[in-house]
Amino acid sequence: MRKMLVLFLAITMLFALSACQKEKPKPEFTLGDVDDQTYENEFLGMGFRLDKRWKLYPSNKIKDPQTVGKEQCAVYAAYTDDELRLWIYFEEMDEEKLQALDVKEYCGKILFTSSRVTGLHHISHENSYSDISVEIGERSVTGKFVNRYTNPDFWNRVEKIRYCEAVFAIKCDGYLAQIRLAASERSEILDIMDHFYILEE
């Protein structure tokens, strides 16, 4: 009788452990939600919180998201003077292509063909793109960074005006998430990324 009881308890514990170890269902694709100064996206597994000097626009409030192909703009944020900008895009991608994708190389292509370069002829840029990476919680996110300059004669100014762009990319289930930023200095881009955080499961 005692052996039967021990066996019963062992089987019960085994079933309980296997139930705990079952994988949680993957979150479905979503463009995320904006609530006041906060953006969160369960599919991406992260969000950011910005202060009142920023204006946040959810996907349905973005007048000109400048999407190409299968890209979708999830959120756009602009600082008071418009010198700092933040976009999050999602690009639907075949899973096999996504897994084989070189994230840094792809980020460089996004920067090279950005609308701010192709649409504004007074903008020049450095040919060499540098790698950039940040830590969001325990998650490492990588991408590409570049300095850009206005031509000296633009706006009849003698000096060049510099601004920076960066793209970070994150592989998700069937999508490539892109965090795109524009600022005056590299340090400002890193400061913006400091406002990102990992969502608790």
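1. Quick word on the nonpolar core
Link 1 in the chain: Counting residues in each nonpolar core, the largest one holds 36 residues, and the members touching the most others are Leu86, Phe90 and Phe168.
Link 2 in the chain: Sorting elements by how many residues they give to this core places strand E11 (residues 175-183) first, with 5 residues.
Link 3 in the chain: Residues Met93, Leu101, Tyr106 and Val146 belong to the second largest nonpolar core, which totals 13 residues.

2. A short note on the sheet that holds strand E3 (residues 46-49)
Link 1 in the chain: Strand order in the open sheet formed by 4 strands is E1-E2-E3-E12, with antiparallel pairing between adjacent strands. The sheet is open, and its two borders are formed by strand E1 (33-35) and strand E12 (196-198), each paired with just one other strand. On average, each strand axis in the sheet is tilted by 20° relative to the strand beside it, whichever way the strands run.
Link 2 in the chain: One ladder, built from 3 bridges, connects E3 with E12; its direction is antiparallel. Residue Met46 lies in a different strand from E12, and its bridge partner there is Ile198.

3. Quick notes on the pairing of strand E2 (residues 38-41)
Link 1 in the chain: Both E1 and E2 contribute to a ladder of 3 bridges, which runs antiparallel. Each residue of the ladder has a partner; that of Val34, found in E2, is Tyr39.
Link 2 in the chain: Counting the residues between successive antiparallel strands, the hairpin from E1 to E2 contains 2 residues, one of them, Asp36, with a positive phi of roughly 60°.
Link 3 in the chain: Taken together, the 4 bridges between E2 and E3 define a ladder with antiparallel strand orientation. Opposite Glu40, over in E3, you have Gly47 as the bridge partner.
Link 4 in the chain: Between the end of E2 and the start of E3, which pair antiparallel, lie 4 residues, with Gly45 showing a positive phi angle near 80°.

4. Focus on the pattern of salt bridges
Link 1 in the chain: Throughout the structure, instances matching the rule amount to 5 salt bridges.
Link 2 in the chain: Between Asp51 and Arg53 there is a salt bridge, and its shortest N-O distance comes to 2.8 Å.
Link 3 in the chain: A residue is classified by how much of its surface remains accessible, and Arg53, at 47% relative accessible area, is partly exposed.
Link 4 in the chain: The salt bridge partner of Lys104 is Asp131, with a shortest N-O separation of 3.5 Å. Of this pair, Lys104 sits in helix H3 (residues 103-112) while Asp131 sits in strand E8 (residues 130-136); the two residues are 27 residues apart in sequence, bridging distant segments of the chain.
Link 5 in the chain: Linked by salt bridges that have partners in common, Lys104, Asp131 and Lys144 make up one network.

5. Details of the layout of surface pockets
Link 1 in the chain: Each pocket or cavity is described by its volume, and for the second largest pocket that value is around 500 Å³.
Link 2 in the chain: If you trace the second largest pocket, you find 16 residues lining it, with Pro27, Glu42, Phe43, Gly45 and Glu201 closest to the centre.
Link 3 in the chain: When its residues are assigned to classes, the lining of the second largest pocket shows 7 nonpolar, 1 polar and 8 charged.

6. What to know about the environment of Glu95
Link 1 in the chain: Tracing the chain through its elements places Glu95 in helix H2 (residues 95-100).
Link 2 in the chain: Taking relative accessible area as the criterion, Glu95 reaches 33% and is therefore assigned partly exposed.
Link 3 in the chain: Distance in space between the C-alpha atoms of Glu95 and Lys171 is 9.6 Å, their sequence separation being 76 residues.
Link 4 in the chain: Of the polar contacts made by the side chain of Glu95, one reaches the side chain of Gln99; its length is 2.7 Å.
Link 5 in the chain: In this structure the side chain of Glu95 is engaged in a polar contact, spanning 3.0 Å, whose partner is the backbone nitrogen of Gly174.

7. Concerning helix H5 (residues 186-193)
Link 1 in the chain: For H5, every residue scored as buried is listed here: Ile189, Ile192 and Met193. Projected onto a plane normal to the axis of H5, the buried residues spread over an arc of 100° and lie on a single side.

Cut-offs applied
- Residues numbered from 1 in each chain as written.
- Predicted model: local features only at pLDDT ≥ 70, side-chain atom pairs only at ≥ 80, totals over all residues.
- Heavy atoms only, no water.
- Core = buried A, V, L, I, M, F, W, Y, C linked by side-chain atoms within 4.5 Å.
- Buried < 20%, exposed > 50% of the residue type's maximum accessible area, 1.4 Å probe, protein only.
- Helix = DSSP H or I, 4+ residues; strand = E, 2+ residues; numbered from the N terminus.
- Pairing = 2+ DSSP bridges.
- Axes fitted to C-alpha atoms, helices over the stretch in contact; angles between N-to-C directions.
- Salt bridge = Lys/Arg side-chain N within 4 Å of Asp/Glu carboxyl O.
- 1 Å grid on protein atoms, 1.4 Å probe; cavity = no way out; pocket = protein on both sides within 12 Å on 5 of 7 lines; lining within 4 Å.
- Points joined across faces, edges and corners; volume = space filled by probe spheres on them.
- Nonpolar A, V, L, I, M, F, W, Y, C, P; charged D, E, K, R; others polar.
- Polar contact = N/O pair within 3.5 Å; in protein donor to acceptor, adjacent residues only side chain to side chain.
- Arc of directions from axis to C-beta.

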